[in-house]
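Here is what each chain is made of, one letter per residue.
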Amino acid sequence: MSIYSHAIFWAVTTILFVALVVLFSDVLFPFVLGATIAYLLNPTVAWLTSKGMGRSGAAALILGVFLVLFGALLAVTVPILVREAAGFIQEAPGYADRIWQMAQPWIDSFRAKMGYKITNQIQTAVQDNLGKTLGVGKNMIGGVVGSLAVGGQALVGFMASLLLTPIVAFFMMKDWPR
C-alpha cells in the first residue's frame, strides 16, 4: 500500500470516529466524566489503601466527600451566578452608554477625517437593541430551564448522567490497579 492510501484510510477512520463520538456524545458523557473523576481522585484512594483501608471503602469515602463538596460548591455558586447574570442584563444599556462615551472622541475624529455624521439616533439604537437582545437572552435562559423541567428526554438524559457518573467513577477507582 502506498502512503497516499494509508493517509486516506486514517483520514476516513478519523472522520468516522469523530462522527461516532458526536453521535453518541450523550451516551458517552457520563462515562467520560466518571473516568475523569476517577483519574483525579485515584491518588487519594491509593493513599488511603496504603494506610490499610480497603479499596472499595476508600473509593466510596472519597467519592462521597467529593460529591458533597461539589454539591455544596454548586449550591453556593449557582445562585450568585444567576443573580450576577440578571444584574448584567439590566445594566447592559448603561455599559453600552459608557462604551459609547469612551469611543466618542475616536468617532468624532473619524467623522472629521471622513466627513461622516454619526447622530444620537445611532447611539440610541445601539443601546435599545443591546437591551432588547440581552432581554431576549434572559427570556431564552428561562425558556431553556422551563423546557428542561418539562422536556422528558432532556430530563431523563440529565438524570441518567447524574446517576451513572458516580457509579462509573466508583467502579473505576475500585478497579484502577487491575
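Up top is the structure these notes are about.
Basis of the calculations
- Residues numbered from 1 in each chain as written.
- Predicted model: local features only at pLDDT ≥ 70, side-chain atom pairs only at ≥ 80, totals over all residues.
- Heavy atoms only, no water.
- Helix = DSSP H or I, 4+ residues; strand = E, 2+ residues; numbered from the N terminus.
- Contact = heavy atoms within 4.5 Å.
- Areas by Shrake-Rupley, 256 points an atom, 1.4 Å probe, with all protein chains shown as cover.
- Core = buried A, V, L, I, M, F, W, Y, C linked by side-chain atoms within 4.5 Å.
- Buried < 20%, exposed > 50% of the residue type's maximum accessible area, 1.4 Å probe, protein only.
- 1 Å grid on protein atoms, 1.4 Å probe; cavity = no way out; pocket = protein on both sides within 12 Å on 5 of 7 lines; lining within 4 Å.
- Points joined across faces, edges and corners; volume = space filled by probe spheres on them.
- Nonpolar A, V, L, I, M, F, W, Y, C, P; charged D, E, K, R; others polar.
- Salt bridge = Lys/Arg side-chain N within 4 Å of Asp/Glu carboxyl O.
- Phe/Tyr/Trp six-rings, centres within 6.5 Å; stacked < 30°, edge-to-face > 60°.
- Polar contact = N/O pair within 3.5 Å; in protein donor to acceptor, adjacent residues only side chain to side chain.
- Expected span 1.5 Å × (residues − 1).
- Bend = angle between axes of the 7 residues up to and from the residue.

1. Overview of the overall build of the protein chain
Step number 1: Tallying secondary structure elements over the protein chain gives five helices and zero strands in all.
Step number 2: Put simply, the protein chain runs from its N terminus to its C terminus through helices and strands in the order α-α-α-α-α.
Step number 3: In the protein chain, of all internal contacts separated by at least 6 residues, the share reaching a separation of at least 24 is 67%.
Step number 4: Of the accessible surface of the protein chain, which amounts to about 13,200 Å², a share of 75% is contributed by carbon and sulfur atoms.

2. Focus: the nonpolar core
Step number 1: Formed by Ile37, Ala38, Leu41, Val45, Leu48, Ala58, Ala59, Ile62, Leu63, Ala169 and Met173, the largest nonpolar core amounts to eleven residues.
Step number 2: Looking at this core, the elements that each hand over two or more residues are α2 (25–50), α3 (55–114) and α5 (152–174).
Step number 3: In terms of residues, this core owes the most to one element, α2, which gives five residues.
Step number 4: Once residues lying within four places of it in the same chain are set aside, the contact partners of Ala38 are Ala169, Met172, Met173 and Trp176.

3. Examining the layout of surface pockets
Step number 1: Space inside the largest pocket adds up to approximately 330 Å³.
Step number 2: Lining the largest pocket, in full, are Phe29, Leu33, Ile37, Phe66, Leu67, Phe70, Gly71, Phe158, Ser161, Leu162, Thr165 and Pro166.
Step number 3: Where the lining of the largest pocket is concerned, the elements lending two or more residues are α2, α3 and α5.
Step number 4: The residue makeup of the lining of the largest pocket, split by class, is nine nonpolar, three polar and no charged.

4. Some remarks on the pattern of salt bridges
Step number 1: Enumeration over the complete set of coordinates arrives at one salt bridge.
Step number 2: For Lys174, the salt bridge goes to Asp175, with nearest N and O atoms at 3.7 Å.
Step number 3: On the accessibility criterion, Lys174 (25% relative accessible area) is partly exposed.

5. Focus on the packing of aromatic side chains
Step number 1: Overall, the coordinates contain five aromatic pairs when judged by the stated rule.
Step number 2: Measuring from ring centre to ring centre gives 5.0 Å for Phe9 and Trp10, while their planes differ by 75 degrees; the resulting arrangement is edge-to-face.
Step number 3: On the basis of relative accessible area, Trp10 is assigned to the exposed category, the value being 52%.
Step number 4: With a centroid separation of 6.2 Å and 45 degrees between ring planes, the pair formed by Tyr39 and Trp176 is classed as tilted. With a gap of 137 residues between them, Tyr39 in helix α2 and Trp176 in the segment after α5 connect regions that are remote in the sequence.
Step number 5: Judged by relative accessible area, Trp176 falls into the partly exposed class, the value being 34%.

6. Description of the side chain of Asn42
Step number 1: As for its position among the elements, Asn42 is in helix α2.
Step number 2: A residue is classified by how much of its surface remains accessible, and Asn42, at 11% relative accessible area, is buried.
Step number 3: Of note is the side chain of Asn42, whose polar atom sits 2.4 Å from the side chain of Arg55.
Step number 4: Apart from residues no more than four positions distant in its own chain, Asn42 is found in contact with Arg55, Met173 and Trp176.

7. Considerations on α2
Step number 1: With 26 residues, α2 extends 36 Å from end C-alpha to end C-alpha; this agrees with the ideal 38 Å at 1.5 Å per step.
Step number 2: Along its length, α2 reaches its greatest deviation from straightness, about 45 degrees, at Leu41, and the proline Pro43 lies no more than four positions downstream.
Step number 3: Taken as a whole, α2 has its buried residues at Pro30, Gly34, Ile37, Ala38, Leu41, Asn42, Val45 and Leu48.
Step number 4: Just beyond α2, the residue with positive phi is Gly52, at close to 110 degrees.

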